Amino acid sequence: MTTEDLLTRSLHEVTEHTDYQTTPLATVVRRAGIVRGRRRRTTALAAAAVAAVAVTPTAVWLNHSPDTSSGPTTTLSPTVSSGSATSLTDVPFGHAPGIDYLDGNTYLDMNGGRIKDPALTTATAATPVRDGLLFALPGETPDRADLWIHTTNGDQRLGCGRNRFAISDDGVVSAYWVTDSCNPDSAGKLYDGVNNTMGEGGPGFVRTPAGVMIDPVGIQTEAVVVNAWHGQDPTAELIDIGTGRATPLSALRIVTGSDENNHVVSGEIAGQPAGQVGESAVVDATTGSVRWRTDWQLGQFSADGKYVVGLRSGEGSTDSYAVFDAVTGQKVADFPTWSSGWITQVAWDLDDTLLAVVNDGSDRTAIVRFGRNGLVTRATPVRQKKYASVDVFRLATRP
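Residues numbered from 1 in each chain as written. Predicted model: local features only at pLDDT ≥ 70, side-chain atom pairs only at ≥ 80, totals over all residues. Heavy atoms only, no water.

Student: Any chance you could break down the overall build of the protein for me, citing the residues and the numbers?
Tutor: If you tally the helices and strands in the protein, you get 2 helices and 31 strands. Taken over 399 residues, the protein has a buried fraction of 51%. Sequence-distant contacts in the protein: of pairs separated by 6 or more residues, those separated by 24 or more amount to 44%. Surface summary for the protein: the accessible area is close to 18,700 Å², and the carbon and sulfur share equals 52%. (Helix = DSSP H or I, 4+ residues; strand = E, 2+ residues; numbered from the N terminus. Buried < 20%, exposed > 50% of the residue type's maximum accessible area, 1.4 Å probe, protein only. Contact = heavy atoms within 4.5 Å. Areas by Shrake-Rupley, 256 points an atom, 1.4 Å probe, with all protein chains shown as cover.)

See the structure below:
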């Protein structure tokens, strides 16, 4: 037997007797999405940096905390020295949002794509799926929404669901819940994946029990962070997207944010009186232990997981927002209330600035960008509000 024959036989024996680990298709899809998400993030950040150079060096200043990291400020010339802004037209124009948003009847994605549909005028959330664009319209009750899908063949109603969708830190993986019937006793389906399909064979698809309403909030590795209503009160849970197994986050009464980078979630602490705003905490999603707590209402984490936004409710339109270090719990920045208007949504952009939908009290609205260095700019033109029940601008998935 020649050396070549021996080598060939040896290779065959190794191949036939070696077990190779396989990677589930859902994991391959998720990893591909993360790579694509990082590329999209890099592109968005590069575009933002170019746009920032062209912004007029004027600013509206935040009420900084003593421990606020102010960054370089020598080139900035504040246009408003007080802590509260007034008219949106006084805010200088900056770069556009790096995350998906809705402008009237138009959906604008992070890559600059646009989808127009009259039905989107009142949509509360939207996210791309393999079959088209999934969007939510207000339902008959505040806790439900009608889910529709926009395709080249028109719009099709899918069923009932929630009025928001969860999205991953990289802005690529989305999660949403839908039921065939609006009957509270009906079973549902929870989807999670990249370019989700609404078909039965789509990635990341599990059934949810009858009579349980699911509100997706965020995404952890191979799981969706949800609030689940098994009765009158919600429970914070992690639902494994492969098996459907639900793991309670028992330290929390309700979950409000999720960071896949550091495997933590935020939310209201369990054991407090129902209907009363109490303490919030950042909790380890793996062990369930509390990392730190605060009397602010904590929300979503920044894209890199370094920061988490907090809300303190006041009377009328005097709600206050602040940014906290996600590891230490130290407050690093405040941003102002709108003295004659209000903020309806707040979400993190990919460059770790905060975006907010602002109404200045004169039925003018815009998306405004708040930087931790004190710079405040408009991310969109100012529009006149036409409908009392819905904002012209809506952040598509994040809030």
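On we go.
Student: Account for the nonpolar core, with residues named and values stated.
Tutor: Tyr321, Val323, Phe335, Ile343, Val346, Leu354 and Phe370 are the most contacted members of the largest nonpolar core, which has 20 residues in total. Every element with two or more residues in this core is listed here: β23 (307-312), β24 (320-325), β25 (331-335), β26 (342-348), β27 (354-359) and β28 (364-370). Residues within four places of Leu354 in sequence aside, it is in contact with Val309, Val323, Phe335, Val346, Ala347, Trp348, Val368, Arg369 and Phe370. In terms of nonpolar packing, the next biggest core, distinct from the first, is built from 18 residues, Val194, Val206, Val212 and Ile239 among them. (Core = buried A, V, L, I, M, F, W, Y, C linked by side-chain atoms within 4.5 Å.)

Student: How would you sum up unusual backbone geometry? Please name residues and give values.
Tutor: Unusually for a residue other than glycine, Glu222 sits at a positive phi of about 60°. Within the secondary structure layout, Glu222 lies in the loop between β14 (213-220) and β15 (223-229). Note on Glu222: relative accessible area 25%, which makes it partly exposed. For His263, which is not glycine, the phi dihedral falls at a positive 55°. Counting through the fold element by element, His263 comes out in the loop between β18 (252-259) and β19 (264-269).

Student: So what's going on with the confidence of the model for the protein? Which residues, and what values?
Tutor: The share of residues in the protein with pLDDT of 70 or more is 72%, and the mean pLDDT across the chain is 77. Predicted confidence in the protein is weakest over strand β1 (residues 58-60), with a mean pLDDT of 29, and strongest over strand β20 (residues 280-284), with 97. Of the regions scoring below 50 in pLDDT, residues 11-83 engages in 94 contacts with residues more than four places distant in sequence or in other chains. (pLDDT = per-residue confidence, 0-100.)

Student: Explain the state of the cysteines to me, using residue names and the numbers behind them.
Tutor: In the structure shown here, the tally under the stated rule is 1 disulfide. Each sulfur of the disulfide joining Cys160 and Cys182 lies 1.6 Å from the other. The sign of the 60° torsion about the S-S bond sets the Cys160-Cys182 disulfide as right-handed. Here the residue Cys160 occupies a position in strand β9 (residues 154-161), and Cys182 occupies one in the loop between β11 (174-179) and β12 (188-193), the gap between them amounting to 22 residues. Given the relative accessible area of 2%, Cys160 is considered buried. For Cys182, a relative accessible area of 38% gives the class partly exposed. (Disulfide = S-S within 2.5 Å.)

Student: Lay out the pattern of salt bridges in plain terms, naming residues and giving numbers.
Tutor: With the rule as written, the count across this model stands at 12 salt bridges. Between Arg157 and Asp146 there is a salt bridge whose closest N-O contact spans 2.9 Å. A residue pair is termed long-range when its members are at least 10 positions apart, and Arg157 in strand β9 and Asp146 in strand β8 (residues 145-151) qualify at 11 residues. Salt bridges linked by common partners bring Arg162, Arg164 and Asp215 together as one network. (Salt bridge = Lys/Arg side-chain N within 4 Å of Asp/Glu carboxyl O.)

Student: So what about the side chain of Glu237? Which residues, and what values?
Tutor: By secondary structure assignment, the location of Glu237 is in strand β16 (residues 234-240). Buried charged residue Glu237 carries no salt bridge. Nearest counter-charge: Arg245, at 11 Å. (Lys, Arg positive; Asp, Glu negative; His and termini not counted.)

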